[in-house]
Amino acid sequence: MDARQFVNPEQAGYVGFANLPNQVHRKSVKKGFEFTLMVVGESGLGKSTLVNSLFLTDLYPERHIPLASEKITQTVKIDASTVEIEERGVKLRLTVVDTPGFGDSLNSTDCFKPVIRYIDEQFERYLQDESGLNRRHIIDNRVHCCFYFINPSGHGLKPLDVAFMKAVHHKVNIVPVLAKADTLTKLEVQNLKRRIMDQIEDYGIKIYPLPDCDSDEDEDYKEQCRQLKNAVPFAVVGANSIIEVKGRKVRGRMYPWGVVEVENPEHCDFIKLRTMLITHMQDLQEVTQETHYENYRAENLANGGSPAGKASRGAPPSQSDGLSQRERELLQKEDELRKMQEKLARMQAEMDSKRPEVQPNGNIKTHNV
């Protein structure tokens, strides 16, 4: 028997529930975090370079750049790359969804439909997993944030930019990014930002709204939030090379006239974009869960369930040819379940027919079995 006396770690008059946040913190760190980032924009705007710069990793070691002749009839592809990142004991499972071929074809009318289909498929997969038996280990692949890259050579938003953002703004958190800002002067960046924000408001596009600060927040955090809101759309420059400037090593781009430092707030909004993504990562996930996913779920239930369920109930087999492998498996399982239910119903009917029947005079009439 242990003779050592239990020692209360807290002082008298102290219950201890103030330590609950520490328990949540330890559990969250042990479990790790999941985040899915989608990058959309024309080829050559530095999407891959920016993502590698943000997370200090190489997500595209074997990247294929198509020729001009291949882009004529190129369709939009969805490339999802997942990497495990660990920083100071905190693990992040980061999934970056790239969209090569977006806006490159001669006819880009429907180029954003594969993107919408992918977002809906992740919602549907999460809905199926949530409705399944094993709900404790659901992998969240829903798109939590979408960086939309805007070409700096235009005079604002192009028709394709407007059409894409209007098609997905109720499905995902859109963060507009002004790509390759080092091709513009500071005055040109300010004017282009103002024009883009005016167009976003005129067309009724809903981008991700940075949350307001609480009244009890410190002044430094309030000032940071104010600067982040004023920086939208973020004018960024990406670079993966380390160069030496005046005796210090910086991440930047070397030009004949000087050096553009990626992590210098005076040169671009890269630091502001990274700060926004990291400090509001939890809020991006909450908005995805509480707004976009709930809207999809409510619409799905209002329409009578998932497309897979509707196909299994009334659609002929030929209509399921365009379904994914997962949806076909669901159809097969539901078909097996329906056959089993029909078999049980037949067995129940046979059992009912063989039960003794009570006659009006009280006598029992039996059947030979």
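Look a little higher up for the structure.
Residues numbered from 1 in each chain as written. Predicted model: local features only at pLDDT ≥ 70, side-chain atom pairs only at ≥ 80, totals over all residues. Heavy atoms only, no water.

**Points about the sheet that holds strand β7 (residues 242-245)**
Alright, step 1. A sheet is described by the order of its strands in space; here three strands give the open sequence β7-β8-β9, paired in antiparallel fashion. Whereas interior strands pair on both sides, the edge strands pair on one side only; in this sheet they are β7 and β9 (258-261). The sheet shows a mean angle of 70° between the axes of neighbouring strands, direction not considered.
Alright, step 2. Pairing of strand β8 (residues 248-255) with β9 involves four bridges; the strand directions are antiparallel. Residue pairing for β9: M254 is matched across the bridge by V259. (Pairing = 2+ DSSP bridges. Helix = DSSP H or I, 4+ residues; strand = E, 2+ residues; numbered from the N terminus. Axes fitted to C-alpha atoms, helices over the stretch in contact; angles between N-to-C directions.)

**Details of the pattern of salt bridges**
Oppositely charged side chains may form a pair once their charged atoms are brought near each other.
Alright, step 1. Applying the stated criterion across every chain yields a total of 12 salt bridges.
Alright, step 2. Put simply, K186 and E266 hold a salt bridge, and the shortest N to O gap is 3.7 Å. Linking K186 in helix α6 (residues 186-202) with E266 in the loop between β9 and α8 (270-279), this pair joins segments that are 80 residues apart in sequence.
Alright, step 3. Looking at K186, the relative accessible area reads 56%, which means it is exposed.
Alright, step 4. A salt bridge links R297 to E294; the shortest N-O distance between them is 4.0 Å. One end of the pair, R297, and the other, E294, are both in helix α9 (residues 281-302), three residues apart, so they sit about a helical turn from each other.
Alright, step 5. Of the residues examined, R297 reaches a relative accessible area of 32% and is grouped as partly exposed. (Salt bridge = Lys/Arg side-chain N within 4 Å of Asp/Glu carboxyl O. Buried < 20%, exposed > 50% of the residue type's maximum accessible area, 1.4 Å probe, protein only.)

**Some remarks on the sheet that holds strand β5 (residues 174-178)**
Alright, step 1. Ordered in space as β2-β3-β1-β4-β5-β6, the six strands form an open sheet in which the pairing is mixed. Here the strands that pair on one side only, and so sit at the sheet edges, are β2 (79-87) and β6 (234-235).
Alright, step 2. Judged from the two bridges that link them, β5 and β6 form a sheet pairing that is parallel. Residue L178 lies in a different strand from β6, and its bridge partner there is A235.
Alright, step 3. Along the sheet, helix α5 (residues 159-168) contacts β1 (33-40), β4 (145-150) and β5; its crossing angle with β4, the most-contacted strand, is approximately 170°. (Contact = heavy atoms within 4.5 Å.)

**Re empty space enclosed by the protein**
A probe matching the size of a water molecule, rolled over the atoms, marks out where space remains unfilled.
Alright, step 1. In this structure the tally under the stated criterion is one cavity of 30 Å³ or more.
Alright, step 2. Taken as a whole, the largest cavity spans an internal volume of roughly 30 Å³.
Alright, step 3. Lining the largest cavity, in full, are Q122, R125, Y126, D129, I139 and N141.
Alright, step 4. For the lining of the largest cavity, the class distribution of residues is two nonpolar, two polar and two charged. (1 Å grid on protein atoms, 1.4 Å probe; cavity = no way out; pocket = protein on both sides within 12 Å on 5 of 7 lines; lining within 4 Å. Points joined across faces, edges and corners; volume = space filled by probe spheres on them. Nonpolar A, V, L, I, M, F, W, Y, C, P; charged D, E, K, R; others polar.)

**A short note on the side chain of K47**
Alright, step 1. Topologically, K47 is positioned in helix α2 (residues 47-55).
Alright, step 2. The buried charged residue K47 lacks any salt bridge partner; its closest oppositely charged side chain belongs to D98, at an N-O distance of 4.8 Å.
Alright, step 3. Reaching out from K47, the side chain makes a polar contact with the backbone oxygen of E42 at a distance of 3.0 Å.
Alright, step 4. If we skip the residues at most four places from it in the chain, K47 touches V39, V40, G41, E42, D98 and F149. (Lys, Arg positive; Asp, Glu negative; His and termini not counted. Polar contact = N/O pair within 3.5 Å; in protein donor to acceptor, adjacent residues only side chain to side chain.)

**As for the state of the cysteines**
Alright, step 1. Summed over the entire model, instances satisfying the criterion amount to zero disulfides.
Alright, step 2. Considering cysteine sulfurs only, C146 is the nearest to C145, which forms no disulfide, with 7.1 Å between them.
Alright, step 3. A relative accessible area of 0% means that C145 is categorised as buried.
Alright, step 4. Its sulfur unpaired, C213 is 3.0 Å from the next cysteine sulfur, which belongs to C225.
Alright, step 5. Classification of C213 as partly exposed rests on a relative accessible area of 28%. (Disulfide = S-S within 2.5 Å.)

**Some thoughts on the packing of aromatic side chains**
Alright, step 1. What the rule picks out here adds up to eight aromatic pairs.
Alright, step 2. Residues Y255 and W257 carry aromatic rings whose centres are separated by 4.9 Å and whose planes lie at 5° to one another, so their mutual orientation is stacked.
Alright, step 3. A relative accessible area of 25% means that Y255 is categorised as partly exposed.
Alright, step 4. Through a chain of ring-to-ring contacts, three or more aromatic side chains come together here, namely F102, F112, Y148 and F164.
Alright, step 5. Across from the ring centre of Y126, 3.7 Å away, lies the NZ or CZ of R142, which sits over that ring. (Phe/Tyr/Trp six-rings, centres within 6.5 Å; stacked < 30°, edge-to-face > 60°. Lys NZ or Arg CZ within 6 Å of the ring centre and 35° of its normal.)

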